[in-house]
Amino acid sequence: MTPADTARSTDAATAPRLTGEGAAAALMLGDDALILSHRLAEWTGHAPALEEDVALANISLDLLGQARTLFSFVGDEDELAYLREERAFRNIQLVEQPNGDFAQTIARQLCFSLAQELRWTAILDSADCPTPIRELAAKAVKETAYHRDHATEWTLRLGDGTEESHARMRRGMAVMWRHTGELFAPVPGLPLDDAALREQWLTALRAVLAEATLDLPEGPDADAWAAGGGREGVHTEPFGFLLAEMQHLHRSHPGATW
Amino acid sequence: MTTAPPAADRSPGPSEWQSAFDAAVAAEERIEPRDWMPDAYRATLVRQIAQHAHSEIIGMQPEANWITRAPSLRRKAILIAKVQDEAGHGLYLYSAAETLGVSRDELLDKLHAGTQRYSSIFNYPTLTWADVGAIGWLVDGAAITNQVPLCRCSYGPYARAMVRICKEESFHQRQGYELLLALSRGTEAQRAMAQDAVDRWWWPSLMMFGPPDDRSAHSAQSMAWKIKRHSNDELRQRFVDICVPQAASLGLTLPDPDLRWNEERGRHDFGAIDWEEFSQVLKGNGPCNEQRISQRRRAHEEGAWVREAASAHAAKRRARETAPTGRLPGSTTGRPADRTAAPKGAPAS
Amino acid sequence: MTTHWPLWEVFVRSRRGLSHTHAGSLHAPDAEMALRNARDLYTRRGEGVSLWVVPAAAVTASSPDEKDPFFEPAGDKAYRHPTFYAIPDGVKHL
């Protein structure tokens, strides 16, 4: 975290602008990062060890930085974050899920960071993706690799820890798994081989879970279909409360500068 | 082969230890963990460093209270980074305390049981967004005034932790001031919010320097040991003198009708502090005492299964690593290849 | 079941060309987590390019009581320092 990171991440006046599909892509990835950052920041002061308060805040800040850069390609970051209605948000449902216990948070982190790392890497390698997003990918891929590492290490410890932690981690995966169906839904403006990415993701996820003495969920939880789809602006009930909390102060003072 | 006298005869007696300690403190040398030190010096340091560490950890709460409602993404990033720093500072300080022979777990237990204190200031609530600014400007400002002299404290690990903390904290106060400035120059409602926050945080900030010198239980001995460098009243006066012009630049007033420049003293006079309120909050009757400790306790208790899992996993790994593999006949201590980027081989300097 | 995470000493190399320097300590269940915690705790502001973590229990330290026998004998051997030797004015590169 350098001082520059806390400043407006890209000067709005000089930021490259995207339109059409490029803007839609930036908004989707930006909303994912913004909302997951918000959820992770909720842990501050509540984490299972002080070291984890610091670690989760770090990940939250990385994601917030990514969101702000992506928003700068589209418009004013605060208008986008604070003045859109729920149906205008394009994040996947996985990232808006409540933190639950630490195992659920780690399960969400594992599913998302594995996917995000694969996607950032693919964006970096694809000349057909918008240049500003590719430039961000160079930085984001390193951040995300660390997030994946953090989630992996904790999955191993919780899965192969105590009986209780194993049961909680299994439950955490089951809770989050049902929201992973849209992780690789095609994003307009990002011409990637999403089906291949999903295969890579499944392979990597299975490997981590196997080492953690866990499996992919079976039985009633096994189906990872997404009822509506966050990418279309259809969200789950907890999301409205998240937005109410996040936007309340900003909206109470229309036009104010903070 | 018994020509050497028994070891005990050669080692210095308690009075020699005491005078070596006194001489080191007088010569502005640092006392280090393995040095002999008087029991009371050790106990004072444990009490003070623990209280300081607890304050950082409890102090996360009133500000974290606003993370999810921060009104701009820039402010949100700043606030997360700041509260994260506070967790880090707590950790540096617990480490310093541990060099004195106490464990962090022990200190946390005492915090949770209410037998060790934290700064009373954190028992006041953050009611509006402007409180985040007032905490940065006034509470962190008062803390820095207190802490800068601690960088020269006679106990080495504490002094070193404070150097690191003071360096990192310099942004905390500035962000608070900048936040209030934005409000003060903003809409009528924002301006009122800023003034209200300063009105509520000013007096508690002055109380942060502790009771007046003539009623301070630990001051004289701590000054002699060079744990403390300036008296409570002196630091409080210094803080008031710093704040008055800063408040003027903010365009906000300080809620003290008796506050005025004293030409003769070359310092500001200020009104009487309500020490009854101070002692009530200290006793646990502040607005948030119960809430702060319960949240801390809950996080600790709800995290127990996570900490246990990590310990259990580490034990399993150790057992696996030392178990005979069969592939390396005769070897029972071979280490499997590291999965991580941990440094390999002996650390050569 | 113990929940007490052991103590680790953290050493940070601030940039290439410098040696690792003791930065502080922390708690972690094992070496991998200690390394990660050290990264988050001691290099948040870009303070390092490399980290070591060492179990605090593995450090053997000299005792302050033995300070004199350990360190005083080195005090009177001035001939180990270049300034001990007188060289005529004008002799260079020595």
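Conventions and cut-offs
- Residues numbered from 1 in each chain as written.
- Chains lettered and ligands numbered in written order.
- Predicted model: local features only at pLDDT ≥ 70, side-chain atom pairs only at ≥ 80, totals over all residues.
- Heavy atoms only, no water.
- Contact = heavy atoms within 4.5 Å.
- Buried area = accessible area lost by both parts, 1.4 Å probe.
- Salt bridge = Lys/Arg side-chain N within 4 Å of Asp/Glu carboxyl O.
- Polar contact = N/O pair within 3.5 Å; in protein donor to acceptor, adjacent residues only side chain to side chain.
- Helix = DSSP H or I, 4+ residues; strand = E, 2+ residues; numbered from the N terminus.
- Patch = residues over 30% accessible without salt bridge, like charges linked within 9 Å, V, L, I, M, F, W, Y side chains within 5 Å.
- Areas by Shrake-Rupley, 256 points an atom, 1.4 Å probe, with all protein chains shown as cover.
- Buried < 20%, exposed > 50% of the residue type's maximum accessible area, 1.4 Å probe, protein only.
- Pairing = 2+ DSSP bridges.

A. Just the interface of chain C and chain A, in detail. On the side of chain A, 12 residues touch chain C, which itself brings 11 residues to the contact. Sorting the residues of chain C by area buried against chain A places Met 33, Arg 36 and Asp 40 of chain C first, and these three jointly supply 39% of that buried surface. If you look at where chain C meets chain A, you find three salt bridges. A salt bridge links Asp 30 of chain C to Arg 157 of chain A; the shortest N-O distance between them is 2.8 Å. On the surface where chain C and chain A come into contact, there are six residue pairs in polar contact (both at pLDDT 80 or more). For the side of chain C that touches chain A, the leading source of residues is helix α1 (residues 31–42) of chain C, giving six residues.

B. Representation of a nonpolar patch on the surface in the model. All names here are of chain C. On the surface, a cluster of nonpolar side chains totalling about 670 Å² of accessible area is made up of Tyr 79, Phe 84, Tyr 85, Ile 87, Val 91 and Leu 94. Looking at where Ile 87 falls in the secondary structure, it is placed in the segment after α2 (67–71). Accessibility expressed as a relative area gives 43% for Ile 87, which makes it partly exposed.

C. Expanded view of the side chain of His 313 of chain B. Residue position: His 313 of chain B is located in helix α14 (residues 304–322). Polar contacts involving the side chain of His 313 of chain B include one to the main-chain carbonyl oxygen of Asp 160 of chain A, which spans 3.0 Å.

D. Broad picture of the pairing of strand β1 (residues 7–13) of chain C. Residues and elements named next belong to chain C. Bridge analysis of β1 against strand β2 (residues 21–27) gives six bridges, and the strand direction is antiparallel. Within the sheet, the bridge partner assigned to Trp 8 lies in β2 and is Leu 26. Two elements, β1 and strand β3 (residues 50–55), share six bridges in a ladder whose sense is antiparallel. Note that in β3 the partner of Val 10 across the bridge is Val 53.

E. Structural context of the interface of chain B and chain A. Contact residues are listed per partner, giving 49 residues for chain B and 52 residues for chain A. Summed over both sides, the interface between chain B and chain A buries roughly 4300 Å², with carbon and sulfur atoms accounting for 64% of that surface. At the boundary of chain B with chain A, the tally comes to three salt bridges. Notably, a salt bridge pairs Arg 320 of chain B with Asp 160 of chain A, separated by 3.3 Å at the nearest N-O pair. Elements that contribute at least two residues to the side of chain B that touches chain A include exactly α4 (60–64), α5 (73–98), α8 (156–184), α9 (188–207), α13 (289–302) and α14 of chain B.

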